[in-house]
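# Secondary and tertiary structure notes
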Amino acid sequence: EPEVTQTPSHQVTQMGQEVILRCVPISNHLYFYWYRQILGQKVEFLVSFYNNEISEKSEIFDDQFSVERPDGSNFTLKIRSTKLEDSAMYFCASSLGQAGYTFGSGTRLTVV
Amino acid sequence: EDQVTQSPEALRLQEGESSSLNCSYTVSGLRGLFWYRQDPGKGPEFLFTLYSAGEEKEKERLKATLTKKESFLHITAPKPEDSATYLCAVLTGANSKLTFGKGITLSVRP
């Protein structure tokens, strides 16, 4: 069964450092997303990406965040200057519009 | 603003004891309601998508139903391996983002 792959599974970084989280979406999917889940809280939408541009973003997705699809397979989330409150599980997802909305297993980001 | 409320927050069942998990929603223009299963430290695992009131879907011991205001995830004769957090999410309007509820943590005792 096709799956969304995320790397690394766990990343520890110092406050103020830049991190890049990587994702390989399902190959025939057209929409790509990043969500996050702070420990004990609900899954929250960050950004959606379609046709090589951001189609929607939440108020959480401020100037310190950026996304990129550098080639035909990878989809990345960059956090420019990490803060303690960025510590969370980050999930990549992909879909064919409203169908096949599939999540990866996540990257646990710990900012120290 | 779209709102999704799941209840109860936690549910403990004996193996074989059937029950239902509730997801109520207040949204404009529902395009789909999704159920996911999430194990600790893992990503949401897709279970069902429901698109219109009256629709039902089944998979093994799980059955999802949808009305205009809520969805139920019925679990029949649960087993310990069904223990997980069950997430409900809605897709609305012209956007492609999912809005999630807080989830229901199900624990099934042998």
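Above this text is the structure in question.
The sections below set out a description of the structure shown in this document. (Residues numbered from 1 in each chain as written. Chains lettered and ligands numbered in written order. Predicted model: local features only at pLDDT ≥ 70, side-chain atom pairs only at ≥ 80, totals over all residues. Heavy atoms only, no water.)

### Looking at the interface of chain A and chain B
Taken residue by residue, the interface counts 19 residues in chain A and 20 residues in chain B. Summed over the three residues of chain A that lose the most area to chain B, namely K42, Q98 and Y101 of chain A, the buried surface amounts to 38% of that side. Put simply, chain A and chain B have one salt bridge between them. Put simply, E56 of chain A and K97 of chain B hold a salt bridge, and the shortest N to O gap is 3.9 Å. The tally of links from chain A across to chain B stands at three residue pairs in polar contact (both at pLDDT 80 or more). (Contact = heavy atoms within 4.5 Å. Buried area = accessible area lost by both parts, 1.4 Å probe. Salt bridge = Lys/Arg side-chain N within 4 Å of Asp/Glu carboxyl O. Polar contact = N/O pair within 3.5 Å; in protein donor to acceptor, adjacent residues only side chain to side chain.)

### Section: the sheet that holds strand β6 (residues 56–59) of chain B
Residues and elements named next belong to chain B. Read from one edge to the other, the open sheet built from five strands follows the order β1-β3-β8-β7-β6, with strand pairing classed as antiparallel. Only two strands of the sheet have a single partner each, and these edge strands are β1 (3–7) and β6. For this sheet, the mean inter-axis angle between neighbouring strands, taken without regard to orientation, is 15°. In this sheet, strand β3 (residues 19–26) lies alongside β1 in antiparallel orientation, the contact comprising five bridges. Within β3, the residue paired with V4 across the bridge is Y25. (Pairing = 2+ DSSP bridges. Helix = DSSP H or I, 4+ residues; strand = E, 2+ residues; numbered from the N terminus. Axes fitted to C-alpha atoms, helices over the stretch in contact; angles between N-to-C directions.)

### Structural notes on the packing of aromatic side chains
All chains considered together, the criterion is met by 18 aromatic pairs over all chains. Ring geometry for Y33 of chain A and Y35 of chain A: centres 6.3 Å apart, planes at 50°, overall tilted. With respect to class, Y33 of chain A is no different from Y35 of chain A; both count as buried. Centroid distance Y33 of chain A to Y101 of chain A: 4.5 Å. Interplanar angle 20°. Geometry classified as stacked. Remark: Y101 of chain A occurs in strand β10 (residues 99–103) and Y33 of chain A occurs in strand β4 (residues 31–37); sequence separation between them is 68 residues. Note on accessibility: Y33 of chain A and Y101 of chain A belong to one class, buried. These aromatic residues form a ring-pair network of at least three members: Y33, Y35, F45, Y101 and F103 of chain A together with F34, Y36, F46 and F100 of chain B. (Phe/Tyr/Trp six-rings, centres within 6.5 Å; stacked < 30°, edge-to-face > 60°. Buried < 20%, exposed > 50% of the residue type's maximum accessible area, 1.4 Å probe, protein only.)

### Remarks on the environment of I79 of chain A
Mapping I79 of chain A onto the fold places it in strand β8 (residues 75–79). Along the primary structure I79 of chain A and Q6 of chain A are separated by 73 residues, whereas in three dimensions their C-alpha atoms are 16 Å apart.

### As for the state of the cysteines
Per the stated rule, a full pass over the model turns up two disulfides over all chains. Across the disulfide, C23 of chain A is cross-linked to C92 of chain A (sulfur-sulfur distance 2.0 Å). The chirality of the disulfide connecting C23 of chain A with C92 of chain A is left-handed, given an S-S dihedral of about -65°. Placement of the pair is C23 of chain A in strand β3 (residues 19–24) and C92 of chain A in strand β9 (residues 88–96), with a sequence separation of 69 residues. On the accessibility criterion, C23 of chain A (0% relative accessible area) is buried. A relative accessible area of 0% means that C92 of chain A is categorised as buried. The partner cysteine of C23 of chain B in its disulfide is C88 of chain B, sulfur to sulfur 1.9 Å. (Disulfide = S-S within 2.5 Å.)

### A few points about the sheet that holds strand β1 (residues 5–7) of chain A
Residue and element names in this part refer to chain A. The four strands are arranged β1-β3-β8-β7 in an open sheet whose pairing can be described as antiparallel. The outermost strands of the open sheet, each flanked by one partner alone, are β1 and β7 (65–68). Averaged over all adjacent pairs, the angle separating strand axes in this sheet is 20°, with direction ignored. Relative to β8, β7 runs antiparallel, the two being bridged by four bridges. Its bridge partner lying in β8, F65 is registered against I79.

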